Amino acid sequence: MAVAFRPYTTGSALPNGSAAPATPAGLPHRGGEPNPSAAALRAQFGDAVRRVDVVWGETTVEIDGARALDVVRWLHDEPTERYDMLVDVTAVEYRDPEQELEVVWHLRSLPFRRFLRLKAPLAKNAPLAVPSIEPVYKSANWLERECFDLFGVKFEGHPDLRRILTWESYREGHPLRKDFPLRGRFSRSEQLRQALSAEPEANYSMEELTVAEAFAHLPADMRQRLGAGEKGGPAEATGE
């Protein structure tokens, strides 16, 4: 039996008589009252919550990246939190000797009118990897692919982690990393040769492209995946 659709009403979980939303004014740069979810996270996850900052009225909670999926799932499922909206998944690179890169998640709880920013610094010289939160928010699928493409962060457990803005065989690294050369890693002639020979559309499924001829140009592993059961596999693509 299908579950009846219930639209969210912003602020519906707040007590009756709560003040109407208003644009904050006169906020300090640092300090102020943190989002109540920060204290709830400390009580629930203990040492996995490393630090809480309030900047311009917005709360940032620094967490252990290995616990990211647990933290996000709890924020989503817990009736007193109800973070039902994933706004963004991105990363920040510092090129700092001690802290190289951190992953950032932006969450909103519409029923409680709350915004929360989670950060997970990744250790220097360690694999750039955190758990995927796609099992909780399906919208994380493309956001994590974008972060992987541009920063090189791997989201473990993602169902289809591959490049999304550059083509799958792109060899010049990750364009938003600070060590990415503005002129590219190859000579202009080599860049031109690769651009002319690349077929970015060939890295998408038949269902996405509906162009049967592109199947022959797909990477071997993708042809194998499509052949294993996805719609638009070899038989359909070649008309066999």
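Structural data are supplied above this passage.
Thresholds applied
- Residues numbered from 1 in each chain as written.
- Predicted model: local features only at pLDDT ≥ 70, side-chain atom pairs only at ≥ 80, totals over all residues.
- Heavy atoms only, no water.
- Core = buried A, V, L, I, M, F, W, Y, C linked by side-chain atoms within 4.5 Å.
- Buried < 20%, exposed > 50% of the residue type's maximum accessible area, 1.4 Å probe, protein only.
- Helix = DSSP H or I, 4+ residues; strand = E, 2+ residues; numbered from the N terminus.
- Contact = heavy atoms within 4.5 Å.
- Arc of directions from axis to C-beta.
- Polar contact = N/O pair within 3.5 Å; in protein donor to acceptor, adjacent residues only side chain to side chain.
- Phe/Tyr/Trp six-rings, centres within 6.5 Å; stacked < 30°, edge-to-face > 60°.
- Lys NZ or Arg CZ within 6 Å of the ring centre and 35° of its normal.
- Pairing = 2+ DSSP bridges.
- Axes fitted to C-alpha atoms, helices over the stretch in contact; angles between N-to-C directions.
- Parallel < 35°, antiparallel > 145°, perpendicular 65-115°, else oblique.
- Left-handed = near helix turned anticlockwise from the far one by under 90°.
- Nonpolar A, V, L, I, M, F, W, Y, C, P; charged D, E, K, R; others polar.
- Expected span 1.5 Å × (residues − 1).

**Thoughts on the nonpolar core**
Next, step 1: Counting residues in hydrophobic clusters, the biggest one holds 37 residues, and the most contacted among them are Leu41, Leu75, Trp105, Leu118, Ile133, Tyr137 and Val153.
Next, step 2: Going through the elements one at a time, α1 (36–45), β2 (58–63), α2 (68–77), β3 (85–93), β4 (101–109), β5 (114–122) and α3 (140–151) are the ones with two or more residues in this core.
Next, step 3: When near neighbours in sequence (up to four residues on either side) are disregarded, tyrosine 137 contacts Val72, His76, Tyr83, Asp84, Met85, Leu86 and Leu107.

**Here we look at α1**
An α-helical turn contains 3.6 residues, so any two residues separated by three or four positions project in the same direction.
Next, step 1: Within α1, burial applies to Ser37, Ala38, Leu41 and Phe45. Projected down its long axis, α1 carries its buried residues within an arc of 105°, all on one side. Structural note: α1 exposes Pro36, Ala39 and Ala43 on the side pointing more than 90 degrees away from its buried face.
Next, step 2: On its buried face, α1 is in contact with β1 (49–55), β2, α2 and β5.
Next, step 3: The backbone nitrogen of serine 37 lies 2.9 Å from a side-chain oxygen of the residue at the head of α1, namely asparagine 35.
Next, step 4: Immediately downstream of α1, the backbone of glycine 46 shows phi near 55°, a positive value.

**As for the packing of aromatic side chains**
Next, step 1: Under the defined criterion, the tally for this structure stands at one aromatic pair.
Next, step 2: Measuring from ring centre to ring centre gives 5.9 Å for phenylalanine 45 and tryptophan 74, while their planes differ by 85°; the resulting arrangement is edge-to-face. Taken as a pair, phenylalanine 45 in helix α1 and tryptophan 74 in helix α2 lie far apart in primary sequence, 29 residues in all.
Next, step 3: Under the relative-accessibility criterion, tryptophan 74 is labelled buried at 16%.
Next, step 4: One cation-aromatic arrangement involves arginine 114 over phenylalanine 112; the distance from NZ or CZ to the ring centre is 4.7 Å.
Next, step 5: Sitting above the plane of the tryptophan 142 ring, arginine 145 keeps its charged end 5.9 Å from the centroid.

**What to know about the sheet that holds β4**
Next, step 1: Pairing is mixed across the open sheet formed by five strands, whose spatial order is β1-β2-β5-β4-β3. The sheet terminates laterally at β1 and β3, the two strands that pair on one side only. Geometrically, the sheet is characterised by an average inter-axis angle of 20° between neighbouring strands, direction not taken into account.
Next, step 2: Bridge analysis of β3 against β4 gives eight bridges, and the strand direction is antiparallel. Residue pairing for β4: methionine 85 is matched across the bridge by arginine 108.
Next, step 3: Those strands touched by α1 are β1, β2 and β5, and its axis lies near 175° from that of β1.

**Let's talk about the packing of α1 against α2**
Next, step 1: Direction vectors running N to C along α1 and α2 enclose 125°, while the axes themselves pass 11 Å from each other. Viewed along their axes, α1 and α2 adopt a mutual orientation that is oblique. Between α1 and α2 lies a crossing whose hand is right-handed. Note on element contacts: α2 touches α1 through Asp70, Val71, Trp74 and Leu75, opposite Ala40, Leu41, Gln44 and Phe45.
Next, step 2: Classifying every residue of the contact of α1 with α2 by side-chain character gives six nonpolar, one polar and one charged.

**Overview of the environment of aspartate 47**
Next, step 1: With respect to the element layout, aspartate 47 can be found in the loop between α1 and β1.
Next, step 2: Remark: the alpha-carbon pair of aspartate 47 and isoleucine 63, spanning 16 residues in sequence, is separated by 8.5 Å.

**Brief notes about α3**
Next, step 1: Look at α3: 16 Å from first C-alpha to last across twelve residues, which is about the 16 Å you get at 1.5 Å a residue.
Next, step 2: For α3, a buried count of ten out of twelve residues is recorded, marking the element as mostly surrounded by other parts of the structure.
Next, step 3: Just downstream of α3, glycine 152 is the residue with a positive phi angle, here 85°.

**Section: unusual backbone geometry**
Next, step 1: You will see that arginine 82, though not glycine, has its phi angle at about 55°, which is positive.
Next, step 2: For asparagine 125, which is not a glycine, the phi torsion comes out positive at approximately 65°.
Next, step 3: Within the secondary structure, asparagine 125 sits in the loop between β5 and β6 (129–131).
Next, step 4: With a relative accessible area of 73%, asparagine 125 lands in the exposed category.

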